[in-house]
Amino acid sequence: MKKQFLDIFRHKKPILAMLHLKGDDAQDVLERAKREIELYRENGVDAVIVESYYGNYYDMERVLAYLQKADLDLIYGVNCLNVDPMGFELARRYNAAFVQLDSVAGHLKVRDDPAFHEFMKLNRETYKGYVLGGVRFKYQPYLSGRSLEEDLQIAMTRCDAIVVTQDATGQETSMEKIKEFRSIIGDFPLIIGAGVTAENCAEQFQVGDGAIVGSYFKDTYKDSGDVDGSHVKALVDACNQIRAKQ
């Protein structure tokens with residue numbers, strides 16, 4: 001029987017670290033990604049997400065091929081921004097444990113939603129991994145006209161964990177929004193997708209089940225920076241203190 005999404009991780013409140021694929025050329029992107037992966041592993045993150053934030057599809061392929069071949073005992077997922085079908089294709093091809101989609105409900109006009117529903121149904125049937133799905137996600141449009149409750153109820157049929165963010169990359173997700181999502185989805189997995197830090201994780205994880213982290217791990221605390229191992233360690237250490245109390 002397939003595990004629940006949160007059960008694939010060794011620890012409670014998993015930290016999923018972003019690989020933004022920054023670099024001056026294809027080789028630089030790959031080498032930077034390798035260094036970042038090692039910093040994440042050394043400092044105890046629970047998974048990495050290969051995302052086409054700065055890089056492109058081919059960069060994603062190279063990094064995923066490295067992860068698959070290196071066999072690092074590290075969970076990894078995929079987010080192919082703006083091209084969801086290729087996210088699923090890459091996840092299948094390179095045995096990624098999960099796909100992240102920035103939105104699985106609310107971002108389409110009513111007339112377009114049935115096609116997306118069938119797209120999700122098809123890929124859920126043919127991809128054996130997990131799906132993380134955003135609702136009212138940063139930078140995503142709201143076009144459905146449905147209430148948040150309606151869109152979240154639909155989203156739970158399309159993914160294995162809901163991802164909640166505020167309005168921008170690195171911006172702290174408000175407790176008000178996190179609690180609102182929790183009140184609607186009950187004990188369905190809720191991942192905080194932006195703004196978790198060593199300073200706020202204790203409060204955020206009182207409600208959220210895990211976090212996707214990118215900007216906080218950079219030396220500048222901004223998405224354009226470089227991964228700093230001390231920042232990774234600070235958040236993982238803070239998270240470990242929370243885990244020890246549970």
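Use the structure listed above.
So, here is what we can say about the structure in this document.

It helps to recall that an α-helix has 3.6 residues per turn; residues three or four apart then point in one direction. With 17 residues, helix H1 (residues 26-42) extends 25 Å between its outermost C-alpha atoms, agreeing within 8% with the 24 Å of an ideal straight helix rising 1.5 Å per residue. Taken together, the buried positions of H1 are occupied by Asp 28, Val 29, Leu 30, Arg 32, Ala 33, Glu 36, Ile 37 and Tyr 40. Its buried side turned inward, H1 meets strand S1 (15-19), strand S2 (47-51), helix H2 (57-70) and helix H8 (229-244). Where H1 begins, one side-chain oxygen reaches toward the backbone nitrogen of Gln 27, 3.2 Å away; that side chain belongs to Asp 25. Backbone geometry just after H1 places Gly 44 at a positive phi near 90 degrees.

With that settled, the discussion passes to the environment of Ala 65. Secondary-structure assignment places Ala 65 in helix H2. Given the relative accessible area of 31%, Ala 65 is considered partly exposed. For the pair Ala 65 and Leu 90, spaced 25 residues apart in sequence, the C-alpha separation works out to 9.8 Å.

Another point: the sheet that holds strand S7 (residues 190-192). Spatially, the eight strands close up into a barrel ordered S1-S2-S3-S4-S5-S6-S7-S8, and their pairing is parallel. Across this sheet, the average inter-strand angle for adjacent strands is 30 degrees, counted without regard to direction. With five bridges connecting them, S2 and strand S3 (residues 75-79) associate as parallel partners. The partner of Ala 47 across the bridge, within S3, is Ile 75. Across the sheet, helix H3 (residues 84-93) touches S3, strand S4 (98-105) and strand S5 (130-135), and the angle it forms with S4 is around 160 degrees. The strands that helix H4 (residues 113-126) touches are S4 and S5; relative to S4, the one it contacts most, it runs at about 160 degrees.

Analysis parameters
Residues numbered from 1 in each chain as written. Predicted model: local features only at pLDDT ≥ 70, side-chain atom pairs only at ≥ 80, totals over all residues. Heavy atoms only, no water. Helix = DSSP H or I, 4+ residues; strand = E, 2+ residues; numbered from the N terminus. Expected span 1.5 Å × (residues − 1). Buried < 20%, exposed > 50% of the residue type's maximum accessible area, 1.4 Å probe, protein only. Contact = heavy atoms within 4.5 Å. Polar contact = N/O pair within 3.5 Å; in protein donor to acceptor, adjacent residues only side chain to side chain. Pairing = 2+ DSSP bridges. Axes fitted to C-alpha atoms, helices over the stretch in contact; angles between N-to-C directions.

Take it as geometry only, folks, not as evidence of what the structure does.
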